[in-house]
Amino acid sequence: MQKRENWGSKIGFIMAAAGSAVGLGNIWKFPFTAGQNGGGAFVLVYLIFVALIGFSVMLTEFAVGRRRQLAAVGAFKSEDKRWTFAGVLGVLSGFLIMGFYPVVGGWALAYVFKVMGGLLNNPAAIGASFDAFITNATSPLMWMVLYLILNVIIVVKGVSSGIEKAGKILMPLLFGILIVIAIKGLTLPGAMAGMEFLFKPDFSKVDGSVILAALGQAFFSLSLGMGCMITYGSYLSKKENLVQNAAIVTSMDTAVALLAGIAMFPAMFAFGIEPAAGPGLVFVVVPTLFAEMGAMGPMFAVLFFIALTVAALTSSVSLLEVVVAFLIDEKKFTRKKAVLSSATVMALLCILASLSLGGVGPTLFGKGAFDVFDLLTDKIFLAIGGMLLCIFAGWRLKKEDLYGEITNNGTMDFPLFGMWYPLVKYVIPITIFLVAANGIRQGFESGSGPIMLVGIGIIAIFAAISKKL
Ligand code: TRP
């Protein structure tokens with residue numbers, strides 16, 4: 001076997017893994033999903049899932065990736081061909097998430113220029129302008145393509161050093177701006193209602209679909225369930241402390257999500273924007289808030305959307321990389337051909353996703369492409385992917401081997417192994433099974449059930465033909 005390239009430094013790995021985790025999932029998706037799912041109780045369930053399931057699954061992905069030093073598909077396949085499908089399912093998730101993520105990345109990029117063009121001059125029109133923009137047939141497509149081209153350039157080069165450097169400056173900047181927004185938001189009249197909405201659990205609002213949404217959000221935000229962290233772990237040196245790395249990445253990601261929530265909800269309540277406003281939330285709340293800040297407002301807003309675009313980029317390149325690594329390792333593509341062909345397919349999916357927001361294009365069980373891609377991945381593929389990984393690690397790999405991998409052959413302490421192992425072997429698979437089953441059942445009331453069942457069907461087919469994949 002070839003000697004595997006390693007991360008230049010420990011901090012380089014953490015930056016890349018945290019860069020993958022922190023993205024639109026934290027700043028765009030978390031606030032509006034919390035809003036649509038009733039606030040506090042959703043946030044609490046999400047936090048419990050992050051601590052119990054997210055952290056453990058991330059550690060498992062790191063361990064499985066580093067053990068064989070192979071990317072997502074190879075890590076399963078090299079162990080047992082009947083498990084190849086679990087890796088290939090991740091590649092499919094990569095395509096589907098990249099079938100809408102660049103659409104939103106394109107919005108972020110567009111907003112850099114919209115703010116410079118005077119978006120903040122007429123605060124009352126900011127909401128309507130967002131709706132008009134995303135339902136437009138052509139303009140968002142241009143921005144999406146531009147955003148996707150940035151991904152292609154980064155991933156063709158194979159080394160993401162440039163983007164990592166940008167991330168090193170812009171991620172702390174993003175964090176700083178979020179703090180500014182949060183402080184400003186908290187000082188607005190009526191802001192406390194927003195904090196209450198976000199942190200005071202109202203358990204009457206919890207049902208099967210809220211719990212599944214919280215589970216999906218935890219996986220999506222931490223970049224889990226599709227082999228992304230397996231791939232990143234495969235480049236990790238045998239000397240690194242996996243437990244510590246998983247703990248740092250998990251807490252950083254969660255801190256940014258909570259901060260984004262604190263930045264968004266007080267301002268929303270102060271401005272009288274509906275908590276269930278949906279995907280436009282950041283794109284409306286942040287400009288409206290900065291419009292109140294006078295001359296400094298536009299500058300802050302431009303910086304915010306630049307930082308958001310870069311945070312999105314460091315995430316989407318990790319998604320693209322999973323697909324590209326599969327095509328190179330398993331299908332013998334050159335890197336350039338792998339990137340260009342997968343990005344072309346992703347662009348086509350994104351066109352469908354973007355047009356569907358304007359009500360144009362094919363639907364499946366009444367849902368447009370954007371919703372279908374999101375539902376399949378966020379509600380089914382990622383969580384079931386995580387479940388499969390845990391079953392694989394708990395039942396297919398040997399306990400001693402896992403212990404050795406995680407403790408670097410006993411040279412490092414992991415006192416919680418006795419808790420982590422039964423979690424991975426029993427508790428997490430059973431929990432995910434129950435949450436998914438209950439969420440799908442409830443999904444039949446809201447119309448998303450049939451699509452989730454299609455997802456389960458796809459997984460079953462993949463499992464049946466695993467050896468041929
Ligand atoms: N976690 C990223 C975000 O929050 C998105 C992402 C990157 C992702 N890689 C992933 C989601 C792998 C699921 C699986 O924006």
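Residues numbered from 1 in each chain as written. Predicted model: local features only at pLDDT ≥ 70, side-chain atom pairs only at ≥ 80, totals over all residues. Heavy atoms only, no water.

### Quick look at the packing of helix α3 (residues 40-68) against helix α19 (residues 417-446)
At step 1: The N-to-C vectors of α3 and α19 enclose an angle of 120 degrees; their axes lie 10 Å apart at closest approach. Comparing their axes, α19 and α3 come out oblique. α3 and α19 meet at a crossing whose hand is left-handed. In this structure, α3 contributes Phe49, Leu52, Ile53, Ser56, Val57, Leu59 and Thr60 to the contact, and α19 contributes Trp420, Leu423, Val424, Ile428, Thr431 and Val435.
At step 2: In the contact of α3 with α19, the residues fall into 10 nonpolar, three polar and no charged. (Axes fitted to C-alpha atoms, helices over the stretch in contact; angles between N-to-C directions. Helix = DSSP H or I, 4+ residues; strand = E, 2+ residues; numbered from the N terminus. Parallel < 35°, antiparallel > 145°, perpendicular 65-115°, else oblique. Left-handed = near helix turned anticlockwise from the far one by under 90°. Contact = heavy atoms within 4.5 Å. Nonpolar A, V, L, I, M, F, W, Y, C, P; charged D, E, K, R; others polar.)

### Overview of the site of the ligand
At step 1: Neighbouring the ligand are 18 residues, the closest being Ala21, Gly25, Tyr101, Phe220 and Ser223.
At step 2: In this structure, a nitrogen atom belonging to the ligand sits 3.3 Å away from a main-chain N or O atom of Ser20.
At step 3: Most atoms of the ligand, that is more than half of them, are within 2 Å of grid points of the largest cavity.
At step 4: Broken down by class, the residue content of the shell around the ligand amounts to 10 nonpolar, eight polar and no charged. (Near = heavy atom within 4 Å. Polar contact = N/O pair within 3.5 Å; in protein donor to acceptor, adjacent residues only side chain to side chain. 1 Å grid on protein atoms, 1.4 Å probe; cavity = no way out; pocket = protein on both sides within 12 Å on 5 of 7 lines; lining within 4 Å. Sits in = over half its atoms within 2 Å of the grid points.)

### Looking at empty space enclosed by the protein
At step 1: Considering all chains together, one arrives at two cavities of 30 Å³ or more under this definition.
At step 2: Within this model, the largest cavity holds a volume of roughly 130 Å³.
At step 3: Lining the largest cavity are 17 residues, and of these Ser20, Tyr101, Phe220, Ser223 and Leu319 sit closest to its centre.
At step 4: When contributions to the lining of the largest cavity are tallied by element, the ones reaching two or more residues are α1 (10-21), α2 (24-36), α11 (208-221) and α15 (297-329).
At step 5: Examining the composition of the lining of the largest cavity, we find that three residues originate from one element, α15, more than from any other. (Points joined across faces, edges and corners; volume = space filled by probe spheres on them.)

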